[in-house]
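# Chains, contacts and geometry: an overview
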Amino acid sequence: MSDEVQDAPTDPLADARSLLAEHERQQDEACRAEIEQVLAKYGRKLVVTQPQITIVPM
């Protein structure tokens, strides 16, 4: 009776990878915010130019 057809088949592995990627992105953002906060305390700011990262005076 409950033979509902799904719009797209779900792939548990793809779902897990997606969740992991989102978690890592959030962790990266939190880490970057913390680094920027500490640098600001010392009058510095984070400048990211691919593929180089530089810390410069503000």
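For the structure itself, look to the data block above.
Residues numbered from 1 in each chain as written. Predicted model: local features only at pLDDT ≥ 70, side-chain atom pairs only at ≥ 80, totals over all residues. Heavy atoms only, no water.

Moving on: the pairing of strand S1 (residues 44-49). Of the pairings in the sheet, the one linking S1 to strand S2 (residues 52-57) comprises six bridges and is antiparallel in character. Bridge pairing in S2 links Leu-46 to Ile-55. (Pairing = 2+ DSSP bridges. Helix = DSSP H or I, 4+ residues; strand = E, 2+ residues; numbered from the N terminus.)

On to helix H1 (residues 12-41). Counted at 1.5 Å a residue, the expected span for H1 with its 30 residues is 44 Å, and the 44 Å between its end C-alpha atoms agrees. Taken from the residues just after H1, Gly-43 is the one with a positive phi, measuring 70°. (Expected span 1.5 Å × (residues − 1).)

Let's shift gears to the pairing of S2. With zero of six residues buried, S2 is to be regarded as a mostly surface element. Once S1 ends, the chain turns through two residues before running back antiparallel as S2. (Buried < 20%, exposed > 50% of the residue type's maximum accessible area, 1.4 Å probe, protein only.)

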